[in-house]
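Understanding the architecture of this molecule
Listed below, chain by chain, are the residues.
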Amino acid sequence: LERDFEKPLALRVMGSSGRLEMDWAGGRTTAVTHAKLREQCRCAVCVARRQCAGSINVPPDVRLTDVTPFGPNAVRLTFSDGHGRGSVGLDFRILC
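Our subject in this report is the structure included herewith. Every chain is numbered on its own, with residues counted from 1 as its sequence reads. Per-residue local features are limited, in this predicted model, to residues with pLDDT of at least 70; the limit for side-chain atom pairs, both in listing and counting, is 80 or more; totals at the level of whole chains, interfaces and linings are taken over all residues. Remark: hydrogens and water are excluded; side-chain values derive from all non-hydrogen atoms of the structure.

Salt bridge criterion: a side-chain nitrogen from Lys or Arg within 4 Å of a carboxyl oxygen from Asp or Glu. A complete count under the given rule lists 4 salt bridges for this structure. Linking Glu 21 and Arg 19 is a salt bridge whose minimum nitrogen-to-oxygen distance equals 2.4 Å. Exposure remark for Glu 21: the relative accessible area of 14% places this residue in the buried category. Per-residue accessibility, obtained with a 1.4 Å probe over protein chains only, is compared with the maximum for each type, and a residue is labelled buried under 20%, exposed over 50%, and partly exposed between these values. The class of Arg 19 is partly exposed, set by a relative accessible area of 33%. Close ionic contact of Asp 81 with Arg 38 constitutes a salt bridge, the shortest N to O distance being 2.9 Å. A residue pair is termed long-range when its members are at least 10 positions apart, and Asp 81 in the loop between strand E5 (74-79) and strand E6 (88-89) and Arg 38 in helix H1 (residues 34-39) qualify at 43 residues. For Arg 38, a relative accessible area of 5% gives the class buried. A cluster of three or more residues bridged by salt bridges with shared partners is formed by Arg 12, Arg 19, Glu 21 and Asp 23. Labels follow the DSSP assignment, with helices taken as runs of H or I lasting at least four residues and strands as runs of E lasting at least two, numbered in each case from the N terminus.

Right, dumping it as structure tokens:
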């Protein structure tokens, strides 16, 4: 079953400010910090760490180093702390 899904029209990695900006239909732009994206990682390792420890220790200065398309509705994010497992669905509305 497909759910209501809205893909951003564009993604911009803002390295100096540590934000990922997203342009949406209707002219709206939202942003999420690189640290928040890293904290919300849904890979199996991060999910297990959150279940055991309650959170993931993410440095506040962590930065996205790469955003790679992964299928039609996701991207693979790689961070300056070396983390790059899993993929993130392009429906970033839950984070903004």
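The structure having been displayed, the exposition proceeds.
Looking now at the side chain of His 83. Of note, His 83 is situated in the loop between E5 and E6. Contacts were defined at the residue level, with two residues in contact if any of their heavy atoms lie within 4.5 Å. Apart from the residues lying within four places of it in its own chain, the contact partners of His 83 are Arg 38, Cys 41, Cys 43, Cys 46, Leu 77 and Thr 78.

This paragraph deals with empty space enclosed by the protein. In the cavity and pocket records, a cavity denotes points on a 1 Å grid over the protein atoms alone where a 1.4 Å probe fits but cannot get out, a pocket denotes an open set with protein on both sides within 12 Å along at least 5 of 7 lines, and lining residues are residues with an atom within 4 Å of a point. Grid points are joined across faces, edges and corners, and a volume is the space filled by probe spheres set on the points. Applying the stated criterion across every chain, the model contains 1 cavity of 30 Å³ or more. What the largest cavity holds in volume is close to 80 Å³. Together, Leu 37, Cys 41, Arg 42, Cys 43, Leu 77, Phe 79, His 83, Arg 85, Gly 86, Ser 87 and Val 88 line the largest cavity. Looking at the lining of the largest cavity, its residues break down into 6 nonpolar, 3 polar and 2 charged. Residues are grouped as follows: Ala, Val, Leu, Ile, Met, Phe, Trp, Tyr, Cys and Pro are nonpolar; Asp, Glu, Lys and Arg are charged; every other residue, Gly included, is polar.

A separate point is the pairing of strand E3 (residues 29-33). Put simply, side chains in a regular strand alternate between the two faces of the sheet. Side chains Thr 30 and Val 32 project from E3 onto a buried face, and the interleaved Thr 29, Ala 31 and Thr 33 project onto a face without burial. When DSSP finds two or more bridges between two strands, those strands count as paired. Bridge count between strand E2 (residues 19-23) and E3: 5 bridges; the pairing is antiparallel. When the sheet's bridge partners are listed, Met 22 is paired in E3 with Thr 30. Between E2 and E3, which pair antiparallel and follow one another directly, the connecting turn spans 5 residues, one of which, Gly 26, has a positive phi of 90 degrees.

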